[in-house]
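Below are the chains, spelled out letter by letter.
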Amino acid sequence: MFTCIVENTRGATLRLTQNESSYQLISITGLSPPNAQINTTKVAGMDGTRFNSASLNQRNIVFTIRLNGDIEANRLALYSFFRSKERCKIYYKNCSRNVYIEGYVETVDCDIFTNNETMQVSVLCPNPYFKGIEEIITDISNIQGLFAFPFAIGLPGVEVSALDTARITNILNQSESGTGVIIAIDISEAVRTIQLNNVTTGETFALEYAFTAGDRVLIDTNKGSKSVTLQRGAVVSNLFTAVKKGSTFFQLDAGDNLFGYTVDGGNSDSAVWITFRHYPLYGGV
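Cut-off values and rules
- Residues numbered from 1 in each chain as written.
- Predicted model: local features only at pLDDT ≥ 70, side-chain atom pairs only at ≥ 80, totals over all residues.
- Heavy atoms only, no water.
- Helix = DSSP H or I, 4+ residues; strand = E, 2+ residues; numbered from the N terminus.
- Buried < 20%, exposed > 50% of the residue type's maximum accessible area, 1.4 Å probe, protein only.
- Contact = heavy atoms within 4.5 Å.
- Areas by Shrake-Rupley, 256 points an atom, 1.4 Å probe, with all protein chains shown as cover.
- Lys, Arg positive; Asp, Glu negative; His and termini not counted.
- Charge placed at Lys NZ, Arg CZ, Asp CG, Glu CD.
- pLDDT = per-residue confidence, 0-100.
- Phe/Tyr/Trp six-rings, centres within 6.5 Å; stacked < 30°, edge-to-face > 60°.
- Salt bridge = Lys/Arg side-chain N within 4 Å of Asp/Glu carboxyl O.
- Pairing = 2+ DSSP bridges.
- Axes fitted to C-alpha atoms, helices over the stretch in contact; angles between N-to-C directions.
- Polar contact = N/O pair within 3.5 Å; in protein donor to acceptor, adjacent residues only side chain to side chain.
- Arc of directions from axis to C-beta.

1. Comments concerning the overall build of the protein chain
- Within the protein chain one finds one helix and 21 strands.
- Projecting the C-alpha coordinates of the protein chain onto the three principal axes gives extents of approximately 90 × 65 × 40 Å.
- Out of the 285 residues in the protein chain, the part that is buried amounts to 36%.
- A separation threshold of at least 6 residues defines the contact pool for the protein chain, and within that pool the share at least 24 residues apart is 65%.
- As displayed, the protein chain offers around 15,600 Å² of accessible surface, 50% of which is attributable to carbon and sulfur atoms.
- Each charge class in the protein chain was averaged separately, 23 positive and 27 negative side chains, and the resulting centres sit 5 Å apart.

2. With respect to the confidence of the model for the protein chain
- Summary statistics for the protein chain give a mean pLDDT of 87 and a share of 91% for residues scoring 70 or more.
- Long-range and interchain partners of residues 143-165, a stretch whose pLDDT sits below 50, account for 24 contacts in this model, where long-range means more than four residues apart.

3. A closer look at the packing of aromatic side chains
- Summed over the entire model, instances satisfying the criterion amount to nine aromatic pairs.
- Ring centres of Phe-2 and Tyr-92 lie 5.3 Å apart, and the angle between their planes is 20°; on these two criteria the pair is classed as stacked. Here Phe-2 is found in the segment before strand E1 (3-7), whereas its partner Tyr-92 is found in strand E7 (residues 87-93), with 90 residues between them in sequence.
- An angle of 40° between the planes, with centres 6.0 Å apart, marks the rings of Tyr-91 and Tyr-100 as tilted.
- Chaining the aromatic ring pairs together yields one cluster made of Tyr-91, Tyr-100 and Tyr-279.

4. Some details on the pattern of salt bridges
- Applying the stated rule across the entire model yields eight salt bridges.
- Close ionic contact of Arg-216 with Asp-186 constitutes a salt bridge, the shortest N to O distance being 2.7 Å. Within this pair, whereas Arg-216 is found in strand E16 (residues 216-220), its partner Asp-186 is found in strand E13 (residues 182-187), the two being separated by 30 residues in sequence.
- Overall, Arg-216 belongs to the partly exposed group, its relative accessible area being 30%.

5. Focus on the sheet that holds strand E19 (residues 255-263)
- Reading across from one edge, E12-E19-E14-E15 is the order of the four strands in this open sheet, with antiparallel pairing throughout. In this open sheet, the two strands that pair with only one neighbour each are strand E12 (168-173) and strand E15 (203-211). Taking each pair of neighbouring strands and ignoring which way they run, the sheet shows an average axis angle of 25°.
- Here six bridges tie E12 to E19, and the two strands are oriented antiparallel to one another.

6. Side note on the pairing of E13
- In the sheet, E13 pairs with E16 via five bridges, with the strands oriented antiparallel. Residue pairing for E16: Ile-182 is matched across the bridge by Asp-220.
- With six bridges connecting them, E13 and strand E20 (residues 272-278) associate as antiparallel partners. In the strand pairing of E20, Ile-183 is matched with Phe-276.

7. Quick notes on the sheet that holds strand E17 (residues 227-232)
- Here we have six strands laid out as an open sheet, ordered E11-E20-E13-E16-E17-E18, and antiparallel in their pairing. Edge positions in the open sheet fall to strand E11 (136-139) and strand E18 (235-238), since each of these has one partner strand only. In this sheet, adjacent strand axes meet at a mean angle of 20° when their direction is disregarded.
- One ladder, built from five bridges, connects E16 with E17; its direction is antiparallel. Across the sheet, the residue bridging to Ile-219 is Val-228, located in E17.

8. So, unusual backbone geometry
- Phi at Gln-18 is positive, roughly 50°, even though this residue is not glycine.
- Positionally, Gln-18 belongs in the loop between strand E2 (13-15) and strand E3 (23-29).
- On the accessibility criterion, Gln-18 (39% relative accessible area) is partly exposed.

9. Comments concerning the side chain of Asp-220
- Tracing the chain through its elements places Asp-220 in strand E16.
- Reaching out from Asp-220, the side chain makes a polar contact with the side chain of Asn-222 at a distance of 2.8 Å.
- If near-sequence neighbours (up to four positions away) are discounted, Asp-220 is found in contact with Val-181, Ile-182, Ser-225, Lys-226, Ser-227 and Phe-249.

10. What to know about the environment of Asp-269
- Its place among the elements puts Asp-269 in the loop between E19 and E20.
- Residue classification places Asp-269 among the buried residues on the basis of a relative accessible area of 9%.
- Spatially, the C-alpha atoms of Asp-269 and Gly-48 are 53 Å apart, while their sequence positions differ by 221 residues.

11. Regarding helix H1 (residues 71-81)
- Those residues of H1 not exposed but buried are Asn-74, Arg-75, Leu-78 and Phe-81. Viewed along the axis of H1, the buried residues span an arc of 115°, placing them on a single side of the element.

Below you can see the structure in the form of structure tokens.
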């Protein structure tokens, strides 16, 4: 058993399943993982080829829908949800996954002079991944240190190792692929430097700016929509110039990802509240 709902650009939704009085969804293609584009180079004297890169092609979802009931009215209703060249959102839920994907209507084909009138709709999805319906939010600001090893040799009270000021948390990415994140930093007192650390990969992302209490920074690391903005009161401004050289826009690998942060070199870590937001990504349903 599965359900499928389509949403148009105005936010209206239409159920295509369990709605047989108006529509019978005969088939949906394009729900399995899309084909990959593998780029290779032939090298003289070497067997086979040399791998260069790989990427997933766009997803093509095709609906075949039989019209029931008031055929003409239901056909016109479908036109309002599948408008050529416009964006639509497709929700799909089965026993294992509850996901959605966004795409653009390529074709709407319907022979209106036949019995058992059927419509075929093709939707192209530039981002081929299905997104989990629920956003995962992780707060890394109030995590206790994971590493603290105080012990003494010979003399009581002589501490050999203590990293109790480290704030490190694990962000579990249950996706089938790496994914970008949206990082929100809420600032409660004046600070100058904020550095986020991907402990798993060794990458860092640092900002240097005269931040004041009440500032909010949003960092989007999703491919195709990378941005850094500052919200100060009612004013939103671009903060790309504050990104320090050598910074990396983090991607969450599938599985565990350890992150930490420091503010002004570790002297004002309590001055910020940091959350990571991401959606699980799936190749197919």
